[in-house]
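# Results of the structural survey
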Amino acid sequence: MRLHRPVVSVYTVPTDGPEADGTLAWDATTVVIAEVSAGRATGTGWTYGPPAVGDLLHRHLGPLVEGRSAWDIPALHDAMCRSVRDAGRPGIAACAISALDIALWDLKARLLELPLARLLGVAREAVPVYGSGGFTTYHDTHLVAQLNGWVHGQQIPRVKIKIGEDWGRSVSRDLARVRAARHVIGEEAELYVDADGAYNRKQAIRVGHALAEHGVGWFEEPVSSDDLTGLRLVRDAVVCDVTAGEYGYDLPYFARMIGAGAVDCLQIDATRCGGLTEFLRAAALAHAHGLEVSAHCAPHVHAAAAASLPNIRHLEWFHDHVRIEDMFFDGALDPTGGVVRPVRGVGHGLALRTEDVEEYRVG
């Protein structure tokens, strides 16, 4: 079964309000979609990144995989990774490889007329999720409404908000927002925070001690994820689980992070690390070291693969990506009750609404 040249499309969707975290602000999200066909089936994959990802997909990776066997995903993945040696794999190239790899896995499952989760093998029927948003730009009433919707509306018993506002210069407001979040969700729901690398080492430790007073159990990127020594120092000093890994673009990155003892739970993003092929490898590496993993963002990309992992903790029900994936695809999952059940349909179970989203197309 030979592959046709992939079709690539790029869309930019404005956010539904100003958004920021500790180190970045944005008002739109760009999604790059790859569709690859063989026989009568088409697989769809996507990543979130700049339009240049689409250019690399169209001009470089598309011709590389055209005419090759749809069954041999490891060979295709290896060929794509080798082909970007001189361009550099981290960043744009890794995102492009990721989108096409995700599409190839979806295609293979559709050719076999199986749910992707069944093709990979199911470890669990239901995958826990956590609500994620709580941007630093949110007014208090907006934050309350979002948290209420997740915890009391959809019965999702774990949520995450952003802290580290203005590169860690607004700690008092950070902690006030944590207190407000705890008040809204009650004592039973799990509360997580994400500093996006905004704090320095000692500052992160001081904040971590304060977070413990409010029962925060997850402290994401308290310092830069490039500072493995700093992550380990914070991890050793605070009660919260310290987590990172979303900027892993290849397997050696995760090996270094695990080897440094930097995290209590490893985050992996299949839309960045090299697709589902590398996502599964990174999860196995973590499992070998006694670590759980959490799927970062893009929940509909990760759901089926997450169901195959014995060491999955949860996947991130990220506001921006959930909104886009609900807009762009039929077959979106329902997180009510705090879990999703991705074992249905064929492939990853989603179908692109091409005509409905044409207004957002930029490439």
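Everything here concerns the structure above.
Residues numbered from 1 in each chain as written. Predicted model: local features only at pLDDT ≥ 70, side-chain atom pairs only at ≥ 80, totals over all residues. Heavy atoms only, no water.

## Thoughts on empty space enclosed by the protein
Inclusion rule: In this analysis, the protein atoms alone were mapped onto a 1 Å grid. Cavities are point sets where a 1.4 Å probe fits without being able to get out; pockets are open sets with protein on both sides within 12 Å along at least five of seven lines; lining residues have an atom within 4 Å of a point. Grid points are joined across faces, edges and corners, and a volume is the space filled by probe spheres set on the points. The residue classification treats Ala, Val, Leu, Ile, Met, Phe, Trp, Tyr, Cys and Pro as nonpolar and Asp, Glu, Lys and Arg as charged. All others, Gly included, are polar.
Inspection of the entire model under this criterion finds one cavity of 30 Å³ or more. Estimates place the volume of the largest cavity at around 70 Å³. Lining the largest cavity, in full, are His 300, Ala 303, Ala 304, Gly 331, Leu 333, Pro 342, Arg 344, His 348, Gly 349 and Leu 350. The residue makeup of the lining of the largest cavity, split by class, is five nonpolar, four polar and one charged.

## Overview of the layout of surface pockets
Rules: Going along the chain from the N terminus, every DSSP run of H or I of four or more residues is numbered as a helix, and every run of E of two or more is numbered as a strand.
Here the largest pocket is characterised by a volume of approximately 720 Å³. Forming the boundary of the largest pocket are 33 residues, of which Asp 21, Leu 24, Trp 26, Tyr 247 and Arg 272 lie nearest the centre. Residue assignment for the lining of the largest pocket shows that the elements contributing at least two residues are strand E2 (25-38), strand E5 (158-162), helix H11 (270-273), strand E11 (312-318) and helix H14 (319-328). Of the residues forming the lining of the largest pocket, the biggest block, five residues, is contributed by E2. For the lining of the largest pocket, a count of residues per class yields ten nonpolar, ten polar and 13 charged.

## Brief notes about the environment of Ala 282
Stated formally: When accessible area is computed with a 1.4 Å probe and restricted to protein chains, residues below 20% of their type maximum are described as buried, those above 50% as exposed, and intermediate ones as partly exposed. Two residues form a contact once any of their heavy atoms are found within 4.5 Å.
By secondary structure assignment, the location of Ala 282 is in helix H12 (residues 275-288). For Ala 282, a relative accessible area of 0% gives the class buried. Separated by 273 residues in sequence, Ala 282 and Ser 9 place their C-alpha atoms 28 Å apart. Once residues lying within four places of it in the same chain are set aside, the contact partners of Ala 282 are Leu 251, Phe 254, Leu 266 and Ile 268.

## A look at the state of the cysteines
Note the following rule: By convention in this document, the label disulfide applies to cysteine sulfur atom pairs within 2.5 Å.
The tally for this structure, following the rule as stated, stands at zero disulfides. Lacking any disulfide linkage, Cys 265 is separated from the closest cysteine sulfur, that of Cys 240, by 14 Å. Given a relative accessible area of 0%, Cys 265 falls into the buried group.

## Topic: unusual backbone geometry
Leave glycine aside and you will find that most residues have negative phi; peptide bonds, for their part, are mostly trans. Not every positive phi belongs to a glycine, and Asp 166 is a case in point at roughly 55°. Here Asp 166 is to be found in helix H6 (residues 165-168). One non-glycine residue, Asp 196, lies in positive phi territory at about 50°. With respect to the helices and strands, the residue Asp 196 is situated in the loop between strand E6 (190-194) and helix H8 (201-212). By relative accessible area, which is 9% here, Asp 196 ends up buried.

## Some points on the side chain of Arg 177
Test applied: Counted as positive: Lys and Arg. Counted as negative: Asp and Glu. His and the chain ends are not counted at all. Salt bridges are identified by distance alone: a Lys or Arg side-chain nitrogen within 4 Å of an Asp or Glu carboxyl oxygen.
The residue Arg 177 is located in helix H7 (residues 171-185) in this model. For the buried Arg 177, which has no salt bridge, the nearest side chain bearing the opposite charge is Asp 174, at an N-O separation of 5.3 Å. In contact with Arg 177, other than residues within four places in its own chain, are Gly 134, Phe 135, Thr 136, Leu 143, Ile 161 and Lys 162.

## Comments concerning helix H10 (residues 251-259)
This is how the line gets drawn: The directions considered for the arc run from the helix axis to the C-beta atoms. Whenever two N or O atoms come within 3.5 Å, that pair is a polar contact, provided that in protein one can donate a hydrogen and the other can accept it, and provided that, for residues adjacent in sequence, both atoms are side-chain atoms.
Of all the positions in H10, only Tyr 253, Phe 254, Met 257 and Ile 258 are classed as buried. Along H10, the residues classed as buried sweep out an arc of 130° about the axis, all on the same side. Buried residues along H10 sit in contact with helix H9 (228-237), strand E8 (241-244), strand E9 (265-268), H11 and H12. The N-cap of H10, judged by a side-chain oxygen 3.1 Å from the amide nitrogen of Tyr 253 a few residues on, is Asp 250. Of the residues flanking the end of H10, it is Gly 261, one or two places downstream, whose phi is positive at about 65°.

## Notes on H8
What sets the pattern is the α-helix's 3.6 residues per turn: residues three or four places apart point alike. Where we set the bar: Multiply 1.5 Å by the residue count of a helix minus one, and that product is the helix's expected span.
For H8, which comprises twelve residues, the first-to-last C-alpha distance of 17 Å matches the rise-based estimate of 16 Å (1.5 Å per residue) to within 8%. Among all positions in H8, only Gln 203, Ala 204, Ile 205, Val 207, Gly 208, Ala 210 and Leu 211 are buried. The inward-facing, buried residues of H8 contact H6, H7, E6, strand E7 (216-220) and H9. By the N-cap criterion, in which a side-chain oxygen at the helix start approaches the backbone nitrogen of a residue two or three places on, H8 is capped by Asn 200, the distance to Lys 202 being 3.4 Å.

## As for the pattern of salt bridges
Under the criterion given, the structure shown has 23 salt bridges. Between Arg 281 and Glu 278 there is a salt bridge, and its shortest N-O distance comes to 3.1 Å. Remark: Glu 278 and Arg 281 occur in helix H12; sequence separation between them is three residues, near one turn of the helix. Residue classification places Arg 281 among the partly exposed positions, given a relative accessible area of 36%.

## Quick word on the pairing of strand E1 (residues 7-20)
To keep it simple, the criterion reads: Pairing between strands requires that DSSP locate at least two bridges from one strand to the other.
Here ten bridges tie E1 to E2, and the two strands are oriented antiparallel to one another. When the bridges of E2 are listed, Tyr 11 appears paired with Val 31. Taken together, E1 and the strand that follows it, E2, pair antiparallel across an intervening segment of four residues.

## Considerations on the packing of H7 against H8
Condition: Here, axes are lines fitted to C-alpha atoms. For helices the fit covers the stretch in contact, and angles between N-to-C directions go from 0 to 180 degrees. Here the word oblique covers every angle except those under 35 degrees (roughly parallel), over 145 (roughly antiparallel) and from 65 to 115 (roughly perpendicular). Put simply, a crossing is left-handed when the front helix is turned counterclockwise from the back one by less than a right angle, and right-handed when it is turned clockwise.
H8 packs onto H7 with a crossing angle of 25° between their chain directions and a minimal axis gap of 11 Å. As the angle between them shows, H7 and H8 are arranged roughly parallel. In this structure, the crossing between H7 and H8 has a hand that is right-handed. Together, Val 171, Leu 175 and Val 178 of H7 and Gln 203, Val 207, Ala 210 and Leu 211 of H8 make up the contact between the two elements. Its residues placed into classes, the contact of H7 with H8 shows six nonpolar, one polar and no charged.

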